[in-house]
Amino acid sequence: MKILFIHGLASSGAYKMASSLRILVKGSEVIAPDVPIDPKEALDLLLRICRDEQPDLVVGHSLGGFWAQKLRGYRKMLVNPDFHVSRLLRSKIGTMDYLSPRKDGALSFEITEEICKGYEEIESSEFDNLTTEEIGLTSGMFADKDEMVDCFDEFCSLYPGRGHRYPGTHLPTYPEIKQYMLPVLKQQIQEI
C-alpha cells in the first residue's frame, strides 16, 4: 500500500499527520513531500509524484486537500480541505514561518499577489471533469469545530454521500485520526 500525504499551508512532509498514517496504516509506504507554495510548482511536483509512484491512496490536509482534489483518477481522502485557498492567502500576503521542519531547511516563505492569482486561476476550474467515478474515489473528513475553514456543505453538494463530520478542530490529533479517519481510510483501502 502506497499513500501520498499532502500537507497544508506553512507545513511540510514532516507534519505529524504523515507520521500518524505510518503508524496506523501498518505496512504502508507514506510518501510525504515538502510541497512548494507556488501553485504551478506544487501541481507539477504532485503530478510527477503520482506518475512516478502511482499511489494507491492520496490523503490531503487543508491546502493539501485542495491539491488532492485536483489529482483525478486516484482514490483520495480530503481532510478539512480549503477549496478557496486564494482567499486565505490574500489575508496573509507577506512572509510566513513554516510550522514544521522542511528538508531544504527553509524557515519561512513569501506569499505574493502573483501566488494568490495563481491559486485563483486553479480554483476557477478545480471541479471541472468531476465524473461519477471520480466522486466515488473521493471521501471528505470535516472537523465540526474547524476554526480555519469549512467547506463541508460545498463538498457534500459536489460529492453527495461522501462527506463525514468528526468532533475536532482544523488540525486533527492522533486520537481523532485513529478513531474517526482510520475507519474511512480502511474502507477506502478495501475498495482498492
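Here's what I pulled together on the structure shown here. (Residues numbered from 1 in each chain as written. Predicted model: local features only at pLDDT ≥ 70, side-chain atom pairs only at ≥ 80, totals over all residues. Heavy atoms only, no water.)

## Re the nonpolar core
Counting residues in each nonpolar core, the largest one holds 40 residues, and the members touching the most others are Ile 6, Trp 67, Leu 89 and Tyr 119. Going through the elements one at a time, strand 1 (2-6), helix 2 (39-53), helix 3 (63-70), helix 4 (85-90), strand 6 (108-111), helix 5 (113-123) and helix 7 (152-158) are the ones with two or more residues in this core. Among the elements that take part in this core, helix 2 stands out by supplying six residues, more than any other. If we skip the residues at most four places from it in the chain, Leu 89 touches Leu 9, Ile 37, Ile 111, Ile 115, Cys 116 and Tyr 119. Judged by nonpolar contacts, the second largest core, of 22 residues, contains Tyr 15, Ala 18, Ala 32 and Leu 182. (Core = buried A, V, L, I, M, F, W, Y, C linked by side-chain atoms within 4.5 Å. Buried < 20%, exposed > 50% of the residue type's maximum accessible area, 1.4 Å probe, protein only. Helix = DSSP H or I, 4+ residues; strand = E, 2+ residues; numbered from the N terminus. Contact = heavy atoms within 4.5 Å.)

## Thoughts on the pattern of salt bridges
According to the stated counting rule, one finds eight salt bridges in the structure shown. The residue Lys 2 makes a salt bridge to Glu 53 at a minimum N-O spacing of 3.1 Å. Remark: Glu 53 occurs in helix 2 and Lys 2 occurs in strand 1; sequence separation between them is 51 residues. Salt-bridge contacts for Lys 40 lead to Asp 44; the nearest nitrogen and oxygen are separated by 2.9 Å. Here the residue Lys 40 and the residue Asp 44 both occupy positions in helix 2, the gap between them amounting to four residues, near one helical turn. (Salt bridge = Lys/Arg side-chain N within 4 Å of Asp/Glu carboxyl O.)

## Some remarks on the environment of Leu 45
Tracing the sequence through the fold places Leu 45 in helix 2. What makes Leu 45 buried here is its relative accessible area of 15%. Residues Leu 45 and Leu 57, 12 residues apart in the sequence, show an inter-C-alpha distance of 17 Å. The contact partners of Leu 45, leaving out residues within four places of it in the chain, are Pro 33, Asp 34, Val 35 and Pro 36.

## Notes on the environment of Leu 182
Relative to the helices and strands, Leu 182 resides in helix 8 (residues 174-190). With 157 residues separating them in the primary sequence, Leu 182 and Val 25 have C-alpha atoms 8.1 Å apart. Leaving out residues up to four positions away in the same chain, Leu 182 has contacts with Leu 24, Val 25 and Ile 177.

## Structural notes on unusual backbone geometry
A positive phi angle, near 65°, is found at Ala 10, a position not held by glycine. Among the structural elements, Ala 10 can be located in the loop between strand 1 and helix 1 (16-24). On the basis of relative accessible area, Ala 10 is assigned to the buried category, the value being 6%. Even without glycine at this site, Gln 54 takes up a positive phi of about 45°. Position of Gln 54 relative to the elements: it lies in the loop between helix 2 and strand 3 (57-61). Gln 54 sits in the partly exposed class, given a relative accessible area of 47%.

## Structural notes on helix 1
Within helix 1, burial applies to Met 17, Ala 18, Ser 20, Leu 21 and Leu 24. For helix 1, the angular spread of buried residues about the axis comes to 160°, placing them on one side. Lining the buried residues of helix 1 we find strand 1, strand 2 (29-31), strand 3, strand 4 (76-79) and helix 8. (Arc of directions from axis to C-beta.)

## Some points on the sheet that holds strand 2
Sheet architecture is open: six strands sit in the order 2-1-3-4-7-8, paired in parallel fashion. In the strand order of this sheet, the two ends are held by strand 2 and strand 8 (163-166), each with one partner. Strand-to-strand twist of the sheet, defined as the mean angle between neighbouring strand axes without regard to direction, takes the value 20°. As judged from the four bridges shared by strand 7 (residues 138-143) and strand 8, these two strands associate in the parallel manner. (Pairing = 2+ DSSP bridges. Axes fitted to C-alpha atoms, helices over the stretch in contact; angles between N-to-C directions.)

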